[in-house]
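Here are the chains, one letter per residue:
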Amino acid sequence: MRRVLELAAALGCAALPALGDIAYITCQNGEALSVFDLDEGREIARWPLPGQPAGIAVSEAAVYTVAPEAKTVRRHHPETGAVLAEVVLDGGPTGIAYDPAHDQLFVSDWYNARIWVLSGQDLSVLGALKTGAAPAGLDISANGRLLASADRDGDQVSLFDTDTLEVVARVKTGVRPYGLRFHTDGRLFVGNVGTNDVSVIDPKAGSVIATIPVGERPYGIAFAGAVGFATNQYANTLSLFDLQTMAPLTEIATNEYPEGIDTTSDGDIVIANWFDNTIQVIDPESQSIIATYPTADGPRAFGRFIRP
């Protein structure tokens, strides 16, 4: 990751070589997916992806995308980008999360207060889960036992048992939660775009245990070491907070309108800047941006987009 080389874009759908961490960046305006080898610091492919893609979930065997305009969910070959399966859903497909233990895919329906449950192989619809209004971001806990949904217009998070698909809890958060992420210790961190803060939830207790002030319009959450990160859309910054004390640390200036965020296998942070058509790499130790790379138009990368 920290070997920053001159950018050399390789466009097309040729098979990717076996490299380091790979980032799959859904680019909504450009209707494309930019594929980056993060160790080499270069775009190695650009896949056409119609329907204004935004949501993304990456597994060892596949890349899953959500194109809200086309209402289409796709399963791609991770090396060639070939579409292995696809399904058109009614309503407003938005967020996405993959459950490897059950080989199931979860897709939030913004308009109908539900989550679709899909087969991880052929994307056939297996069922639906009831949420609060306007579900957006989804995530699976590190132990695989919980699915979390940020119900934006309900000002809450819905938690489901991944074995039974039953509701475990509905937890009130700040105003308009959108992106969220489980820490490996089990805590759930939720970005609230209406109150400019992060709600920290203890799923076992089913309650908020802390609220962390961040920048304007927090969108995505990630972690590296003892530090948490939140992308702030309107502030063009990245907020850092202490995961032990849950106190704010600092803000880093980014390019314009940061949204998607994820962590590499060696602990770097990668963000996607929607209005700036770039991704940026942050070194958590120095708390500085160490690389910036151009993408296709309108990178969103809403979800987990890095494949080790």
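Residues numbered from 1 in each chain as written. Predicted model: local features only at pLDDT ≥ 70, side-chain atom pairs only at ≥ 80, totals over all residues. Heavy atoms only, no water.

A. Seen up close, the overall build of the protein. Scanning the protein from N- to C-terminus turns up zero helices and 29 strands. At 18 Å, the protein has a C-alpha radius of gyration in line with the 19 Å of a compact globule built from 308 residues. For the protein, the C-alpha atoms occupy an extent of roughly 50 × 45 × 30 Å along the three principal directions. A total of 308 residues make up the protein; the buried ones form 59% of that total. Looking at the protein alone, contacts between residues at least 24 apart form 42% of all its contacts between residues at least 6 apart. Summed over its atoms, the accessible surface of the protein is roughly 11400 Å², and 48% of this surface lies on carbon and sulfur atoms. (Helix = DSSP H or I, 4+ residues; strand = E, 2+ residues; numbered from the N terminus. Rg over C-alpha atoms; globule rule 2.2 N^0.38 Å. Buried < 20%, exposed > 50% of the residue type's maximum accessible area, 1.4 Å probe, protein only. Contact = heavy atoms within 4.5 Å. Areas by Shrake-Rupley, 256 points an atom, 1.4 Å probe, with all protein chains shown as cover.)

B. The sheet that holds strand β23 (residues 248-253), seen in detail. Overall, antiparallel pairing links the four strands, which are arranged β20-β21-β22-β23 in an open sheet. Looking along the sheet, the strands with just one partner apiece sit at the ends: β20 (218-224) and β23. Within this sheet the neighbouring strands show an average axis-to-axis angle of 25 degrees, counted without direction. (Pairing = 2+ DSSP bridges. Axes fitted to C-alpha atoms, helices over the stretch in contact; angles between N-to-C directions.)

C. Representation of the pairing of strand β24 (residues 258-263) within the structure. By the criterion of burial, β24 is predominantly enclosed, with five of the six residues buried. The sheet contact formed by β24 and strand β25 (residues 269-273) spans four bridges and is antiparallel. Residue pairing in the sheet places Asp262 in a bridge with Val270 of β25. Hairpin connection, β24 to β25: the antiparallel pair is bridged by five residues, and Gly267 has positive phi, about 90 degrees.

D. Expanded view of the pattern of salt bridges. This structure, assessed with the given rule, holds nine salt bridges. Here Glu259 and Arg300 are joined by a salt bridge, their closest N and O atoms 2.3 Å apart. Taken together, the residues span a long stretch of sequence, with Glu259 in strand β24 and Arg300 in the loop between β27 (288-294) and β28 (302-304) at a distance of 41 residues. Relative accessible area serves as the criterion here: at 1%, Glu259 is assigned to the buried category. Taking the relative accessible area as the measure of exposure, Arg300 reaches 9% and is therefore buried. In the salt-bridge network here, residues are joined through shared partners; they are Asp90, Asp109 and Arg114. (Salt bridge = Lys/Arg side-chain N within 4 Å of Asp/Glu carboxyl O.)

E. Representation of the nonpolar core. By size, the foremost hydrophobic cluster in this structure holds 27 residues, and its most contacted members are Tyr24, Ile25, Leu33, Val35, Ile279 and Phe305. Of all elements in the fold, only β1 (22-27), β2 (32-37), β3 (42-48), β4 (55-58), β25, β26 (278-283) and β27 reach the threshold of two or more residues within this core. Within the second largest apolar cluster, 15 residues are counted, among which are Ala62, Val73, Leu89 and Leu105. (Core = buried A, V, L, I, M, F, W, Y, C linked by side-chain atoms within 4.5 Å.)

F. Region of the structure containing the confidence of the model for the protein. Looking at the protein, the pLDDT average stands at 94 and 94% of residues meet or exceed 70. Counting contacts from residues 1-18, a segment whose pLDDT is below 50, to residues more than four positions away or on other chains yields 51 contacts. (pLDDT = per-residue confidence, 0-100.)

G. Region of interest: the side chain of Arg75. One can find Arg75 in strand β6 (residues 72-76). Salt bridges are absent for the buried Arg75, whose nearest opposite-charge side chain, Asp103, sits at 6.3 Å. For Arg75, the side chain forms a polar contact with the main-chain oxygen of Gly120, separated by 3.1 Å. What Arg75 contacts, discounting residues up to four positions off in sequence, is Ala61, Ala62, Val63, Tyr64, Ala82, Val83, Leu84, Ala85, Gly120, Gln121 and Leu123. (Lys, Arg positive; Asp, Glu negative; His and termini not counted. Polar contact = N/O pair within 3.5 Å; in protein donor to acceptor, adjacent residues only side chain to side chain.)

H. Region of the structure containing the sheet that holds strand β11 (residues 125-130). Taken together, four strands build an open sheet; the order of strands is β8-β9-β10-β11 and the sheet is antiparallel. Across the chains shown, the open sheet's two edge strands, defined by having one partner strand only, are β8 (93-99) and β11. The sheet shows a mean angle of 25 degrees between the axes of neighbouring strands, direction not considered. Sheet topology note: the strand β9 (residues 104-109)/strand β10 (residues 114-119) ladder contains six bridges and is antiparallel. Along β10, the bridge assignment pairs Phe106 with Val117.

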